[in-house]
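# Structural overview for review
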Amino acid sequence: MKEIEVQLLKLIEKNANLEVKKIAKLMDKRIDEIRELIEELEKKKVILGYSTLIDWAKVLDEEEVTAMVDVKVTPARGVGFDKVAERIYRFPEVKAVYLMSGAYDLSVSVRGNTMMEIGHFISEKLSTLDSVISTTTHFVLKRYKHDGIILQDADDDDKRIVVSP
């Protein structure tokens, strides 16, 4: 991958809302050059999409519930974990699936309206898949940082700095 592509990707990864004109200025390139580069990266599926991080707690009366589910599975012959991961990520409740090292094989991020709704999904849909051996569910109690963005209002004081009297 060319250095210009990496530079562009780092910029839009931090802020996908940057206008092409601004990116071109930051990179000291022509607008049409940046536009073509973005289109090429989209066609190559390097850029898979654009998303916005929203603090739904400030918008909705009720906050969605998120759970991280550790899943132990039996990999399928010839395709390993890919086939079961694909079955799992096709459920609309599932927001992310990762192959992990350690005691569990897959880490699955699930969202629902209530803890009971997530529990129902796990017991009725996820656990019943043939290759799933066991699950362990961890409910997210509070989010502090997501995709490199701090979600809490910043205080003037940096709590990491300890000042001796």
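For the structure, see preceding data.
On a predicted model such as this, the values are computed, not experimentally measured, just so you know. In this convention, every chain numbers its residues from 1, walking through the sequence in written order. Reporting of local features is limited, given that this is a predicted model, to residues whose pLDDT is at least 70; pairs of side-chain atoms are given and counted only at 80 or more, and all residues count toward the totals for whole chains, interfaces and linings. In computing side-chain properties, one takes all heavy atoms of the structure into account and sets aside hydrogens as well as water.

Runs of H or I in DSSP of at least four residues are treated as helices and runs of E of at least two as strands, each being numbered from the N terminus. The secondary structure content of the protein amounts to 5 helices and 6 strands. Element order for the protein, N to C, with α for helix and β for strand: α-α-α-β-α-β-β-α-β-β-β. Computed over its C-alpha atoms, the radius of gyration of the protein comes to 21 Å, more than 25% above the 15 Å expected for a compact globule of 165 residues. C-alpha extents for the protein along the principal axes are approximately 60 × 55 × 35 Å. Put simply, the radius of gyration uses C-alpha atoms, and a globule should come to 2.2 Å times the residue count raised to 0.38.

Glancing now at the pattern of salt bridges. Whenever a carboxyl oxygen of Asp or Glu lies within 4 Å of a side-chain nitrogen of Lys or Arg, that contact is scored as a salt bridge. Counting across every chain of the model gives 5 salt bridges. Between E93 and K125 there is a salt bridge, with its nearest N and O atoms 3.0 Å apart. One end of the pair, E93, is in the loop between α4 (82-89) and β2 (94-99); the other, K125, is in helix α5 (residues 115-126), with 32 residues separating them in the sequence. By relative accessible area, which is 32% here, K125 ends up partly exposed. Summary of the burial criterion: residues with accessible area below 20% of their type's maximum are buried, those above 50% are exposed, and those between are partly exposed, where the area comes from a 1.4 Å probe applied to protein chains only.

The next subject is the layout of surface pockets. Cavity means a closed set of points on a 1 Å grid over the protein atoms alone, one where a 1.4 Å probe fits but cannot get out, pocket means an open set with protein on both sides within 12 Å along at least 5 of 7 lines, and lining means a residue has an atom within 4 Å of a point. Grid points are joined across faces, edges and corners, and a volume is the space filled by probe spheres set on the points. Here the largest pocket defines a volume of roughly 1,400 Å³. Lining the largest pocket are 36 residues, and of these S51, T52, L53, H146 and D147 sit closest to its centre. Those elements that place two or more of their residues in the lining of the largest pocket are α1 (3-14) and β1 (65-73). The greatest single-element share of the lining of the largest pocket, amounting to 4 residues, is contributed by α1. Residue type decides the class: Asp, Glu, Lys and Arg count as charged, Ala, Val, Leu, Ile, Met, Phe, Trp, Tyr, Cys and Pro as nonpolar, and the leftover types, Gly among them, as polar. When its residues are assigned to classes, the lining of the largest pocket shows 18 nonpolar, 9 polar and 9 charged. Roughly 300 Å³ of internal volume is contained in the second largest pocket. Residue lining of the second largest pocket: 13 residues in total, with M68, S109, R111, R143 and H146 positioned closest to the centre. For the lining of the second largest pocket, the secondary-structure elements that each account for two or more residues are β1, β2, β3 (106-112) and β5 (145-146).

A separate point is the packing of aromatic side chains. Stacked, tilted and edge-to-face are the three classes assigned to paired rings of Phe, Tyr and Trp, where Trp is represented by its six-membered ring and a pair needs centres within 6.5 Å; plane angles under 30 degrees give stacked, over 60 edge-to-face, the rest tilted. Tallied over the entire structure, the rule returns 1 aromatic pair. With a centroid separation of 5.3 Å and 80 degrees between ring planes, the pair formed by F91 and F121 is classed as edge-to-face. Residue F91 is located in the loop between α4 and β2, and its partner F121 is located in helix α5; the two are separated by 30 residues in the primary sequence. Of the two residues, F91 and F121, neither departs from the other in class, the shared state being buried. Look at NZ for Lys and CZ for Arg. If either is within 6 Å of the ring centre and within 35 degrees of the ring normal, a charge sits over the ring. Seen from the ring of Y104, K72 lies directly overhead, with NZ or CZ sitting 5.9 Å from the centre.

Now for the nonpolar core. To define a nonpolar core, start from buried Ala, Val, Leu, Ile, Met, Phe, Trp, Tyr and Cys residues and group those joined through side-chain atoms within 4.5 Å. Core analysis: the biggest nonpolar cluster contains 19 residues, and V69, V71, I88, L106, V108, F121 and L126 have the highest contact counts within it. Taken together, the elements giving at least two residues each to this core come down to β1, α4, β3 and α5. The leading source of residues in this core is β1, at 5 residues. Apart from residues no more than four positions distant in its own chain, V108 is found in contact with A67, M68, V69, V71, I88, V94, A96 and V97. Listed in part, the 13 residues of the second largest apolar core include I4, L9, M27 and L41. In what follows, residue pairs with any heavy atoms lying within 4.5 Å of each other are defined as contacts.

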